[in-house]
Amino acid sequence: MFRRLKAAMVSEVEPRRRARNAFTALALTATITFPATAQEPITFGQSYTIESEILGEARTVNVWVPPHADRDERAPYRTVYLIDGGTEQDWFHITGLMQLGALSWTFQPTIVVGIETDDRQNELTPLAQDPRYREEFPTSGDAVDFRAFITDEVQPFVANNFPVNGQSTVIGESLAGLFIVDTYLKEPATFDDYIAISPSLWWDDQRLGRDAPIFMAANDFEGTRLYLAYADEGGSMKAAIDLLNEAAVEAGIAVHYDDLSASQTHATIFHQAALNAVRLLYTEPPYDYGETPWYLVEGSERDAEE
């Protein structure tokens, strides 16, 4: 009895197994026999090469312009300069945020200019006064030249070739954030808005934090805005940020501090803080979609005549 029952079960299972194997073979054959149509690369902006006389070499700059700028009522646009803006750096995720603004009408559309960095220690740090830092970071200290590259070569290139409205923002994280705070304190007219995320203000024994009162007393910050976000770094980074905050309060300069230390680390903060910043600084009035359709109103009924 048991042998007959087992034989019956096998006789039912085997056809299903053979059918399943045949279907798998057919699917594999179909994949090979019917390939996908010709593929095209997805483009997200354009890459340009600037022969920099200041830096003495060719440098890459990436540019994204909101679509249909020629008929967009919101054009011309603000320009956002992204430090560390190479395609293997922060280009895609930050430009993706700006594309969201253009698509959703929730914050102002912008042109994004990604400035690729090479030796970040060299290009993004001011010359250290403390010899320990010059010894530890032997290629550091050429932020002045990199800033001149932006102001004298990149900005004119952008102004001459794209639909800009003259308003500019700079954004970056970590050493790029240090460069942004350095530029804000020393040459505040370079940009209108400064978004510095987890800036490496530990640099040069917290020099920028300690010297902030001097720069804030000497320079004119009217018309500029500084958004500064920080994560759970603590230590000398947080101590220098606190010094900068104290100097701003003393000088009567409004700085927006976004404390994300409870939820973000140095590795995770950039995207969230960037979104917070653009929603804070460039929010748009809610888009008028007209009267709410009946099917989105709880408990409503469509007119029977419709």
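Since the model is a prediction, treat every value here as computed from it, not as a measurement.

Between its first and last C-alpha, helix H7 (residues 203-218) extends 22 Å over 16 residues, near the 22 Å set by a 1.5 Å rise per residue. The sharpest bend along H7 reaches about 50° and sits at Ala212, with the proline Pro213 one to four residues further on. Turning to H7, its buried residues are Trp203, Asp204, Gln206, Arg207, Leu208, Gly209, Asp211, Ala212 and Met216. At its buried positions, H7 is contacted by helix H4 (131-136), helix H6 (175-186) and helix H8 (235-251).

Moving on to the sheet that holds strand E3 (residues 77-83). Pairing within the open sheet is mixed, and its eight strands lie in the order E1-E2-E4-E3-E5-E6-E7-E8. Each end of this open sheet is capped by a strand with a single partner; those strands are strand E1 (46-52) and strand E8 (255-259). For this sheet, the mean inter-axis angle between neighbouring strands, taken without regard to orientation, is 20°. Here five bridges tie strand E6 (residues 193-197) to strand E7 (residues 225-230), and the two strands are oriented parallel to one another. Residue pairing across strands places Asp193 opposite Arg225, the latter belonging to E7. Lying on the sheet, helix H2 (residues 91-104) is in contact with strand E2 (57-64), E3 and strand E4 (110-115); it crosses E2 at an angle near 30°. Of the strands in this sheet, E1, E2, E3, E4 and strand E5 (164-173) touch helix H5 (residues 143-161), which is tilted by about 125° from E1.

Turning our attention to the pattern of salt bridges. Two side chains with opposite charge may pair up if their charged atoms get near one another. In the structure shown here, the tally under the stated rule is 14 salt bridges. Ionic pairing is found between Glu57 and Arg59, a salt bridge with its closest N-O pair at 3.1 Å. Arg59 sits in the buried class, given a relative accessible area of 5%. The partner of Lys238 in a salt bridge is Asp242, with the nearest N and O atoms 2.7 Å apart. Of the two residues, Lys238 and Asp242 are both situated in helix H8; the distance of four residues between them amounts to about one turn of the helix. Overall, Lys238 belongs to the partly exposed group, its relative accessible area being 28%. Classification of Asp242 as partly exposed rests on a relative accessible area of 28%. Sharing partners across several salt bridges, the network here consists of Arg147, Asp182, Lys186 and Glu187.

Turning to the side chain of Ser52, a few remarks are in order. Mapped onto the elements of the fold, Ser52 is located in strand E1. Within the structure, the side chain of Ser52 is placed 2.9 Å from the backbone nitrogen of Leu55, a separation counted as a polar contact. A polar contact of 2.6 Å, which involves the side chain of Ser52, links it to the side chain of Glu153. Those residues in contact with Ser52 that sit more than four places away from it in its chain are Glu57, Arg59, Phe149 and Glu153.

Taking burial as the measure, the six residues of E7 include five buried ones, the bulk of the element. Traced from E6 through H7 to E7, the parallel crossover comes out right-handed. Bridge analysis of E7 against E8 gives five bridges, and the strand direction is parallel. From the neighbouring strand, Tyr230 faces E8, where its bridge partner is Asp259.

Definitions and cut-offs
- Every chain's residues receive numbers from 1 upward, in the order its sequence appears when written.
- Selection of residues for local features in this predicted model requires a pLDDT of at least 70, selection of side-chain atom pairs for listing and counting requires 80 or more, and totals for whole chains, interfaces and linings are taken over all residues.
- Based on all heavy atoms of the structure, the side-chain values leave hydrogens and waters out of the count.
- The helix and strand labels rest on DSSP assignments: H or I over at least four residues marks a helix, E over at least two residues marks a strand, and numbering proceeds from the N terminus.
- The length a helix should cover is 1.5 Å for every residue beyond the first.
- What is called the bend at a residue is the angle between a pair of axes, fitted to the seven residues leading up to and ending at it and to the seven starting from it.
- Buried residues are those whose accessible area, probed at 1.4 Å on protein chains only, stays under 20% of the maximum for their type, while exposed residues exceed 50% and partly exposed ones sit between those limits.
- Should any heavy atoms of two residues lie within 4.5 Å, those residues are counted as being in contact.
- The rule for pairing is simple: two strands pair if DSSP sees at least two bridges between them.
- As a rule, the C-alpha atoms of each element are fitted with a line to give its axis, helices using only the stretch in contact, and angles between N-to-C directions run from 0 to 180 degrees.
- Put simply, a salt bridge is a Lys or Arg side-chain nitrogen that is within 4 Å of an Asp or Glu carboxyl oxygen.
- In protein, a polar contact requires one atom able to donate a hydrogen and another able to accept it; more generally it is a pair of N or O atoms within 3.5 Å, and residues adjacent in sequence count only if both atoms are side-chain atoms.
- Classification remark: right-handed applies to a crossover when, strands pointing away from the viewer, the course from the first strand over the helix to the second runs clockwise.

Just geometry here; none of it tells us what the structure is for.
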